[in-house]
Amino acid sequence: MDNLDTTISHWVGKVPNQQWIKEDDNLESIGSTLPDTIADSRPLSEVHSLDLSLFVVFEEAALRVSGALTRSAPTLDTMNFSAQQTLDEARHHEIFLRRLEESRSYQGKAGTGINEAILIPPLRNFLDRCYEIVDRGEFVEGLSLMNLVFEGMAYPLYAYEQRYWEPVDPYLSSLVRSAFADEARHVTYGAQLVSELLKGDTKRKARVNKLCKDASQLMDEVFSYYVRKFVKLFDAVARQHKGLFADAEFAPGRKIFDTPYEEQIKTIHASIEKQHNQLITRAGIA
Ligand SMILES: [Fe+2]
Ligand SMILES: [Fe+2]
């Protein structure tokens, strides 16, 4: 496979032994103590735990799907890759869940887990569809839904999340950056593997294309809801904590304060669409 080394030894050398060690050192130097600003502000602590709940929901779904995909992987490359992704997602799930618990403890709500309201019906529908497909052993369809649609549309958001949290909770911002590095690999490798698996099979390619189109419409609805909700919440808390967010940027070189939230929403949707389309093209199913 061109430029793609899916061996476990390559992954162990590059990811757990280098990337994660570097990131863990960085997290240790920041320290995991929850900043007082979050503990002292009810709106800020609510958006903090709501956002972390969403991370936990997304990472758990990615973990369950990539784990199931190892069962039906048709080649050594795809089996190894799904196994690596499973470990990556298990780590993401754990780090975000731990931060959520820390956030909850500060609110006097330790052990309450995720905020269930965050799991909206269209997201449940999408995930049910994913689980059905992977349970039927349809590998390329399952990988496309997870890595090109679900993650392919979610990963552009990680960069925004990282910037929004930077002034308030640099530890969380670093967790997001760390997960983002893995997600970028999942979507890139995913697109290449899908492209390899579908080579020469026009019929199946058309089926996967239709599946991804329908699923991305459903996820459009999901992201419209989340992007609007969170940008509005961030905008409101930023206005309540002007000093803290004075220099905060929502996009490189663009301050939150100088950008009306409708424009922030438009910009975020445009980057989701652009990056998702690039992946679909790279996977050969555009
Ligand atoms: Fe993940
Ligand atoms: Fe992922």
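Above this text is the structure in question.
My aim in this report is to walk through the structure given alongside it, one point at a time. (Residues numbered from 1 in each chain as written. Chains lettered and ligands numbered in written order. Predicted model: local features only at pLDDT ≥ 70, side-chain atom pairs only at ≥ 80, totals over all residues. Heavy atoms only, no water.)

**A few points about the coordination of the iron ion (ligand 2)**
Argument step 1. At the metal site, the iron ion (ligand 2) is ligated by Glu-89 (OE), Glu-151 (OE), Glu-183 (OE) and His-186 (ND1), and these contacts range over 1.9 to 2.1 Å.
Argument step 2. Classification of the site at the iron ion (ligand 2) as irregular follows from its four donor atoms and the range of 88 to 151° in their angles at the metal.
Argument step 3. Within one chain, the residues donating to the iron ion (ligand 2) are spaced in sequence as E-x61-E-x31-E-x2-H.
Argument step 4. Separating the iron ion (ligand 2) from the iron ion (ligand 1) is a distance of 3.5 Å, and Glu-89 supplies a donor atom to each of them. Here Glu-151, found in helix H6 (residues 139-165), pairs with His-186, found in helix H7 (residues 170-198); they are 35 residues apart in sequence, far enough to count as distant.
Argument step 5. When its relative accessible area of 0% is taken as the criterion, His-186 is described as buried. (Donors = N, O, S within 2.8 Å, 3.2 Å for Na, K, Ca; no water. Tetrahedral: all angles 85-135°; square planar, octahedral: opposite > 155°, others 65-115°. Helix = DSSP H or I, 4+ residues; strand = E, 2+ residues; numbered from the N terminus. Buried < 20%, exposed > 50% of the residue type's maximum accessible area, 1.4 Å probe, protein only.)

**Re the pattern of salt bridges**
Argument step 1. Under the defined criterion, the tally for this structure stands at 19 salt bridges.
Argument step 2. Put simply, Arg-64 and Glu-60 hold a salt bridge, and the shortest N to O gap is 2.9 Å. Residue Arg-64 and its partner Glu-60 are both found in helix H3 (residues 42-72); the two are separated by four residues, about one turn of the helix.
Argument step 3. A salt bridge links Arg-254 to Glu-263, with the shortest nitrogen-to-oxygen separation between them at 2.5 Å.
Argument step 4. Since its relative accessible area comes to 29%, Arg-254 is described here as partly exposed.
Argument step 5. It is possible to trace a salt-bridge network through shared partners that takes in Glu-23, Asp-88, Arg-91, Asp-182 and Arg-185. (Salt bridge = Lys/Arg side-chain N within 4 Å of Asp/Glu carboxyl O.)

**Some thoughts on the packing of helix H5 (residues 121-135) against helix H8 (residues 202-240)**
Argument step 1. Between H5 and H8, the least distance of the axes is 9 Å, while the angle of their chain directions is 150°. For the element pair H5 and H8, the recorded crossing hand is left-handed. For the pair H5 and H8, contact is made by Pro-122, Leu-123, Asn-125, Phe-126, Arg-129 and Ile-133 and by Leu-211, Asp-214, Ala-215, Leu-218, Met-219, Glu-221, Val-222 and Tyr-226, respectively.
Argument step 2. Tallied by class, residues from the contact of H5 with H8 come to ten nonpolar, one polar and three charged. (Axes fitted to C-alpha atoms, helices over the stretch in contact; angles between N-to-C directions. Left-handed = near helix turned anticlockwise from the far one by under 90°. Contact = heavy atoms within 4.5 Å. Nonpolar A, V, L, I, M, F, W, Y, C, P; charged D, E, K, R; others polar.)

**Points about the packing of H5 against H6**
Argument step 1. In contact at an axis separation of 8 Å, H5 and H6 are set at 150° when each is read in the N-to-C sense. As far as their axial angle goes, H6 and H5 are roughly antiparallel. Contact with H5, carried on its side by Leu-123, Phe-126, Leu-127, Cys-130, Ile-133 and Val-134, involves Glu-141, Gly-142, Leu-145, Val-149 and Phe-150 of H6 and no other residues of that element.
Argument step 2. Looking at the contact of H5 with H6, its residues break down into nine nonpolar, one polar and one charged. (Parallel < 35°, antiparallel > 145°, perpendicular 65-115°, else oblique.)

**Focus: the coordination of the iron ion (ligand 1)**
Argument step 1. For the iron ion (ligand 1), every protein donor is listed as Glu-59 (OE), Glu-89 (OE), His-92 (ND1) and Glu-183 (OE), and the spread of their distances is 1.9 to 2.2 Å.
Argument step 2. Of note is the iron ion (ligand 1), whose four donor atoms meet at the metal with angles of 95 to 130° in an arrangement that counts as tetrahedral.
Argument step 3. The sequence pattern describing where the donors of the iron ion (ligand 1) fall on their chain is E-x29-E-x2-H-x90-E.

**A few points about empty space enclosed by the protein**
Argument step 1. Taken as a whole and judged by the stated rule, the model has three cavities of 30 Å³ or more.
Argument step 2. Of the voids in this model, the largest cavity is the one considered here, and its volume is about 250 Å³.
Argument step 3. Taken together, 17 residues form the lining of the largest cavity, with Asp-51, Leu-54, Leu-157, Glu-161 and Phe-230 sitting closest to its centre.
Argument step 4. Within the residue set of the lining of the largest cavity, elements represented by two or more residues are H3, H6 and H8.
Argument step 5. For the lining of the largest cavity, the per-class residue count stands at 15 nonpolar, no polar and two charged.
Argument step 6. Put simply, the second largest cavity is a space of about 50 Å³.
Argument step 7. Of all elements in the fold, only H3 and H6 reach the threshold of two or more residues within the lining of the second largest cavity.
Argument step 8. The element contributing the most residues to the lining of the second largest cavity is H6, with five residues.
Argument step 9. Tallied by class, the residues present in the lining of the second largest cavity amount to six nonpolar, no polar and three charged. (1 Å grid on protein atoms, 1.4 Å probe; cavity = no way out; pocket = protein on both sides within 12 Å on 5 of 7 lines; lining within 4 Å. Points joined across faces, edges and corners; volume = space filled by probe spheres on them.)

**Some thoughts on the nonpolar core**
Argument step 1. Grouped together as the largest cluster of nonpolar side chains are 86 residues, with contacts concentrated most on Phe-58, Phe-96, Leu-123, Phe-126, Phe-150, Met-219 and Tyr-226.
Argument step 2. Elements with a contribution of two residues or more to this core: H3, helix H4 (76-106), H5, H6, H7, H8, strand E1 (249-251) and helix H10 (261-282).
Argument step 3. Excluding anything up to four places from it in sequence, Leu-123 contacts Val-57, Phe-58, Phe-150, Met-219, Val-222 and Tyr-226. (Core = buried A, V, L, I, M, F, W, Y, C linked by side-chain atoms within 4.5 Å.)

**What about the side chain of Ser-174?**
Argument step 1. By the element assignment, Ser-174 lies in helix H7.
Argument step 2. For Ser-174, the contacting residues outside a window of four places in its chain are Asn-26, Leu-27 and Ile-30.

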